[in-house]
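Fold and contact review
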Amino acid sequence: MMVDRSLIGLQLRKYVCVVEAFQLRLFAKAIGETRGCYVDPAQAVAAGFRAPPIAPIFPACLGTNPDDPLDWATALGADLASILHGSQEFEYFEPICAGDRIRVERRIADVYEKKGGTLKFVVFSMECVNDDTQRLACRATQTLVVRNPAPTQ
Amino acid sequence: MTSPTQMSAGTLADLTPGSALPSLDFPPLSRTTLALYAGGSGDHNPLHIDTDFARERAGMPDVIGHGMLTMAYLGRYLTKFVPQRSLRKFGVRFQAVSHVGDAITCTGTIVKVSREEGRTWVELDVTAHRGSPDAEVLASGRAVAVL
């Protein structure tokens, strides 16, 4: 499959994931985050959260399907080695905390090209909805750059 | 979210557009950090953790850092000044790839302070550099917070 505008509107598989406290601790360790509210439930509550909140960019991690972390690349039919991250945006509506059940919906919102088609840009739109309250918690937009796309074998 | 180094929201709102925020230095990117980030984030793309893949499949001399790790550092930087629950928007454009050994420095500038419906809105520009604040830009973007 070629990366082209026929991908616009494609929905990736929906899923509901639980925000796991242990994953937030590993993530905090990876980015060197040591502030108490991000790793300690008691300090999180003292700071006004129901549990440790996710870091500002963690919605992007929730957008990684735990059952198939690279399903987005499969959907593009593009070689992982040819894909770079161009830009990333988040809009926050309410906190997401450890223990929350989040429904993740992802779709391809746009595809365009530059440099005579040697660079393709794929815009993924994602929503994180709290599955218990049905309230939208975060919306994210991710633009990937596919270099010299070629049909897969 | 209190920390001795965190500016109070009032302090931030008192700053005028163009004011620079104190920069923040991160330790050099190590392969361990990239491996931990792959696990913590769930991003298992081998481009970031498998040197053989980076060389043989992507034609790169070595693995590259996750762009989102750079953005995570910018997120840590932002939340030094703005409580996380005040953040409304945060976006960046990635301008260069990070490499093992890069010591990322984050800088920030107040772009706009406004009052609407009794609340103070702040827009900040944030930038991650490869090394010192005058070094190459890895990612830059903007955040909006309501204090």
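Residues numbered from 1 in each chain as written. Chains lettered and ligands numbered in written order. Predicted model: local features only at pLDDT ≥ 70, side-chain atom pairs only at ≥ 80, totals over all residues. Heavy atoms only, no water.

**Here's the deal with the packing of helix α2 (residues 31-41) of chain B against helix α4 (residues 67-81) of chain B**
Residues and elements named next belong to chain B. Taken N-terminus to C-terminus, the directions of α2 and α4 make an angle of 90 degrees; their axes are 10 Å apart at the nearest point. With respect to α4, the element α2 is oriented roughly perpendicular. For the pair α2 and α4, contact is made by Thr33, Leu34 and Tyr37 and by Met68, Leu69 and Tyr73, respectively. Within the contact of α2 with α4, the residues separate by chemical class into five nonpolar, one polar and no charged. (Axes fitted to C-alpha atoms, helices over the stretch in contact; angles between N-to-C directions. Helix = DSSP H or I, 4+ residues; strand = E, 2+ residues; numbered from the N terminus. Parallel < 35°, antiparallel > 145°, perpendicular 65-115°, else oblique. Contact = heavy atoms within 4.5 Å. Nonpolar A, V, L, I, M, F, W, Y, C, P; charged D, E, K, R; others polar.)

**Looking at the interface of chain B and chain A**
Facing 37 residues of chain B, the contacting portion of chain A comprises 40 residues. A combined buried area of about 3100 Å² lies between chain B and chain A, and 62% of that area is made up of carbon and sulfur atoms. A salt bridge links Asp79 of chain A to Arg57 of chain B, with the nearest nitrogen and oxygen atoms 3.1 Å apart. At the boundary of chain B with chain A, the tally comes to twelve residue pairs in polar contact (both at pLDDT 80 or more). Sorting elements by how many residues they give to the side of chain B that touches chain A places α4 of chain B first, with nine residues. When grouped by side-chain class, the residues that make up the side of chain B that touches chain A number 19 nonpolar, eleven polar and seven charged. (Buried area = accessible area lost by both parts, 1.4 Å probe. Salt bridge = Lys/Arg side-chain N within 4 Å of Asp/Glu carboxyl O. Polar contact = N/O pair within 3.5 Å; in protein donor to acceptor, adjacent residues only side chain to side chain.)

**Regarding α4 of chain B**
Along its 15 residues, α4 of chain B runs 22 Å from first to last C-alpha, staying within 8% of the 21 Å computed at 1.5 Å per residue. The element α4 of chain B is largely enclosed, with a buried count of 15 among its 15 residues. (Expected span 1.5 Å × (residues − 1). Buried < 20%, exposed > 50% of the residue type's maximum accessible area, 1.4 Å probe, protein only.)

**A short note on unusual backbone geometry**
Unusually for a residue other than glycine, Lys115 of chain A sits at a positive phi of about 55 degrees. Here Gln134 of chain A, not a glycine, exhibits a phi torsion of approximately 65 degrees, which is positive.

**Considering the packing of aromatic side chains**
On inspection of all chains with the given rule, the structure shows six aromatic pairs over all chains. On the numbers, 5.0 Å between centres and 5 degrees between planes, the contact of Tyr112 of chain A with Phe121 of chain A is stacked. Residue Tyr112 of chain A is classed as partly exposed on the basis of its relative accessible area, which comes to 32%. A residue is classified by how much of its surface remains accessible, and Phe121 of chain A, at 12% relative accessible area, is buried. Each member of the aromatic cluster is reached from another via a ring pair, and the members are Phe27 and Phe58 of chain A together with Tyr37 of chain B. Seen from the ring of Phe121 of chain A, Lys114 of chain A lies directly overhead, with NZ or CZ sitting 4.9 Å from the centre. The ring of Phe49 of chain A is capped by Arg85 of chain B, whose NZ or CZ atom sits 4.3 Å from the centre of that ring. (Phe/Tyr/Trp six-rings, centres within 6.5 Å; stacked < 30°, edge-to-face > 60°. Lys NZ or Arg CZ within 6 Å of the ring centre and 35° of its normal.)

**Regarding the confidence of the model for chain B**
All names here are of chain B. The share of residues in chain B with pLDDT of 70 or more is 93%, and the mean pLDDT across the chain is 91. Ranking the helices and strands of chain B by mean pLDDT puts strand β2 (residues 87-94) first, with 98, and helix α1 (residues 9-14) last, with 66. In this model, residues 1-6 is a region of pLDDT below 50 whose contacts with residues beyond four sequence positions or in other chains number twelve contacts. This prediction of the complex comes with two scores: 0.93 for pTM and 0.93 for ipTM. (pLDDT = per-residue confidence, 0-100.)

**Topic: the pattern of salt bridges**
All names here are of chain A. Enumeration according to the criterion identifies 19 salt bridges over all chains in this entry. One salt bridge in this structure joins Arg139 and Glu127, with 3.1 Å as the shortest N-O distance. Here Arg139 is found in strand β5 (residues 135-147), whereas its partner Glu127 is found in strand β4 (residues 119-130), with twelve residues between them in sequence. The class of Arg139 is partly exposed, set by a relative accessible area of 30%.

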